[in-house]
Amino acid sequence: MDYEKLAELLFPHIDKTPEEIEAMYPPRELPEGAKVTRLGPSPTGFIHLGNLYGAFVDERLAHQSGGTFYLRIEDTDDKRYVEGAVETITSALKFFDINFDEGAEMEGGAYGPYYQSQRGEIYQTFVKDLVKRGQAYPCFLTEEELAEIRAEQEAAKVTTGIYGEYARCRDLTYEEIEANIAAGKPYVIRIKSKGNQVDPAHCCHESGAACTTRSGAKCVNHDGTMYIHVNDAIRGEVAMPANDQDVIILKATGIPTYHFAHVVDDHLMRTTHVVRGEEWLMSLPIHVELFDKCGFPLPTYCHTAVLMKIDEETGGKRKLSKRKDPELSLDYYRNEGYHPQAVKEYLLTILNSNFEEWRMANPDASIDEFEFTTEKMSSGGALFDLDKLNDVSKDVLLKIPAAELAEFMAGWAAEFRPELAPLFDGSADASYGPEYLAKILDLGRDGKKPRKDLIYAKQIFEFIRYFYDDYFVIEEPVPEEVSDEDAREILQRYLDSYDHSDDQSQWFDKIRAIAVDLGYAAKPKDFKKHPEDYKGHVGHVSTVIRLAVMGRTQSPDVWEIQQILGEERTRARIEALLI
RNA sequence: GGUCCUAUGGUCAAGCGGUCAAGACACCGCCCUUUCACGGCGGUAACCCGGGUUCGAUUCCCGGUAGGAUCACCA
């Protein structure tokens, strides 16, 4: 077979050589040890927590080392394309403060184009070269034939796929190929796998001995099968049988498969670390063989664990699914109003096992100061824990200044709860507004033991809504220790003695006086000791007031709340109950 | 089914041949307290099973079991 001639027959329009392409993508000029990472989403328009998890690893690895993090759109499957998807992806990541240095939709970047759909000529140049070297061939197998082969293999209980004797098109003559093409038969290009049987010419055959492949992976024989050993930055050395499938590298459309695009792009774009989900681990042998055949060095792989959750139905662990689990969608967190910092910080706690420890030792340090390492990543799938997220969020929000939080709340409302927006920007009522909101959010946050009530925007609004008249309602009944008559009496006396300028202790002294006067213990302890002597205690009395002003029995300090509400609103709420 | 990954309390996790097996979240109790939160103190709770190797295995090896991943002209 004249491979040179075959290559020309297949790719007459390709006139560049791999060397010429290679020259267009010179090694990057970066400091020693700098890592180059990339995010390669397919433009389905859906970005989920797993993407963010991975993107975060990419971003940290690159930016921590003075390297480059770029965005490459893997749109080799035209069926999947969704309009505006790239914008969705970049804006979602930007929301979480994850930014690219170069790539799709960005100015500059010497390693583009960053859309795989625009790199056809590049891939074909390398495919043509492979054909020319007898390492790849056209395959005319139809869907029916493929199904037939598969059925045959299943019946014989052997591994399915196109390999060895099943690779029927492998040894087609030039004339046969030419005739097929002339007849207009569609075809794909497959690699001619070297197989995984022991090959003394290529590999070690002394038991246990290993040799290094061109790409840098090691291979060693196991019981007649060649195994490849690759060092994964997260998992350590992983071993699996070498690839023996004549995998497709170019589809009938002339577009490469993920496998081939990955190899060519990550090589040309000089990616040093390939971060991707565990679901790719099994195709590693294919990639090793591809890197080998192309003569490219292997990048460092970082196969991240899959995020899991407990399935309500079965009670078992399972991979988060975008269909069943709304919390997987990044939109869920934006919708609930989680602060991006909180999500990031939580992600970091499941990403690096020593992060929490570091955070406790450095409560005020920026995340950027934490030294993130792939070695500290867990290789098992972590369960997503909403409780933990909430806990982390409380601490994160505590460190954000109230004014900034108010802004965040307003932004959230504008996007997800438009009816609340006028409330927060003051356009509904001049006495409300950003400053009012900031004061509310700052309530009880000062001092040595600040409150940690705030978790996410939706929850925060629920927590503070009584500050806004339109959302103020009496939600609970008065405590059973207090009769209706007493309740009325308490409120009447409270209103009569109310002086907005009282300080906190003057204010509480008055409540205490009312309590004692009506037969309630001045101190809860007295009541506990001699419950028979009292109707209740001062706590019950203040609950009545709390209920009148806040509408609920539980809230932060009443005096402080009243100071924010202002005298007018405070009096009005009590008066409303005395009518 | 083949192959690969994983296996410490309910969850996330330290551990890397000798520990009374850390810590965090959640949960429970007590204290603080006019409620709630915060905070403090304390508590319940774990090395999947079976073989080895070893003076000694949670830790190393083998087997089993369980969970997960993957077997496309999808990425």
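Definitions and limits used
- Residues numbered from 1 in each chain as written.
- Chains lettered and ligands numbered in written order.
- Predicted model: local features only at pLDDT ≥ 70, side-chain atom pairs only at ≥ 80, totals over all residues.
- Heavy atoms only, no water.
- Helix = DSSP H or I, 4+ residues; strand = E, 2+ residues; numbered from the N terminus.
- Rg over C-alpha atoms; globule rule 2.2 N^0.38 Å.
- Buried < 20%, exposed > 50% of the residue type's maximum accessible area, 1.4 Å probe, protein only.
- Contact = heavy atoms within 4.5 Å.
- Areas by Shrake-Rupley, 256 points an atom, 1.4 Å probe, with all protein chains shown as cover.
- Axes fitted to C-alpha atoms, helices over the stretch in contact; angles between N-to-C directions.
- Parallel < 35°, antiparallel > 145°, perpendicular 65-115°, else oblique.
- Left-handed = near helix turned anticlockwise from the far one by under 90°.
- Pairing = 2+ DSSP bridges.
- Salt bridge = Lys/Arg side-chain N within 4 Å of Asp/Glu carboxyl O.

### Here we look at the overall build of chain A
For step 1, the next point in the chain: Across its full length, chain A carries 23 helices and 14 strands.
For step 2, the next point in the chain: Its C-alpha radius of gyration of 33 Å places chain A more than 25% over the 25 Å reference for a compact globule of 579 residues.
For step 3, the next point in the chain: Dimensions of chain A, computed from the C-alpha atoms along their principal axes, are close to 110 × 50 × 50 Å.
For step 4, the next point in the chain: Counting over 579 residues, chain A shows a buried share of 51%.
For step 5, the next point in the chain: Summarising the internal contacts of chain A: among those between residues at least 6 apart in sequence, 72% fall at separations of at least 24.
For step 6, the next point in the chain: For chain A, the exposed surface amounts to about 27300 Å²; the carbon and sulfur share of it is 50%.

### A look at the packing of helix H19 (residues 504–517) against helix H21 (residues 538–550)
For step 1, the next point in the chain: The N-to-C vectors of H19 and H21 enclose an angle of 110 degrees; their axes lie 9 Å apart at closest approach. Relative to H21, H19 is oriented roughly perpendicular. In this structure, the crossing between H19 and H21 has a hand that is right-handed. Here Phe508, Ile511, Arg512 and Ala515 of H19 come into contact with H21, specifically with Val538, Val541, Ser542 and Ile545.

### Some points on the sheet that holds strand E2 (residues 68–71)
For step 1, the next point in the chain: The sheet built from three strands is open, its strands ordered E1-E2-E3 with parallel pairing. Of all the strands in the sheet, the pair left with one neighbour each is strand E1 (36–39) and strand E3 (102–103).
For step 2, the next point in the chain: Both E2 and E3 contribute to a ladder of two bridges, which runs parallel. Each bridged residue has a counterpart across the sheet, and for Leu71 the counterpart in E3 is Gly103.
For step 3, the next point in the chain: Helix H3 (residues 49–64) rests against E1 and E2 of the sheet, and its axis sits at about 160 degrees to E1.

### Re the pairing of strand E4 (residues 136–139)
For step 1, the next point in the chain: Because side chains alternate across E4, one face comprises the buried residues Ala136 and Pro138, and the other comprises Tyr137 and Cys139, equally buried.
For step 2, the next point in the chain: Judged from the four bridges that link them, E4 and strand E5 (residues 188–191) form a sheet pairing that is antiparallel. From the neighbouring strand, Tyr137 faces E5, where its bridge partner is Arg190.

### Thoughts on the pattern of salt bridges
For step 1, the next point in the chain: One pass over the structure, following the stated rule, counts 37 salt bridges.
For step 2, the next point in the chain: Close ionic contact of Asp266 with Arg38 constitutes a salt bridge, the shortest N to O distance being 2.5 Å. Linking Asp266 in helix H8 (residues 258–268) with Arg38 in strand E1, this pair joins segments that are 228 residues apart in sequence. Taken as a pair, Asp266 and Arg38 share a single burial class, namely buried.
For step 3, the next point in the chain: Here Asp265 and Arg119 are joined by a salt bridge, their closest N and O atoms 2.7 Å apart. Here the residue Asp265 occupies a position in helix H8, and Arg119 occupies one in the loop between E3 and helix H5 (120–132), the gap between them amounting to 146 residues. In terms of burial, Asp265 and Arg119 fall into one category: buried.

### Topic: the environment of Leu330
For step 1, the next point in the chain: Mapping Leu330 onto the fold places it in helix H10 (residues 330–336).
For step 2, the next point in the chain: Here Leu330 falls in the buried class, since its relative accessible area comes to 1%.
For step 3, the next point in the chain: Taking the C-alpha atoms as reference points, Leu330 and His48, 282 residues apart in sequence, are found 5.1 Å from one another.
For step 4, the next point in the chain: Ignoring sequence-local partners within four residues, the contact set of Leu330 consists of Ile47, His48, Leu49, Leu52, Ala92 and Phe96.

### Comments concerning the pairing of strand E9 (residues 236–241)
Working note: regular strand, side chains alternate between the two faces of the sheet.
For step 1, the next point in the chain: One ladder, built from six bridges, connects strand E8 (residues 225–232) with E9; its direction is antiparallel. Among the inter-strand pairings, His229 is bridged to a residue of E9, identified as Ala239.
For step 2, the next point in the chain: What sits between the antiparallel neighbours E8 and E9 is a turn of three residues.

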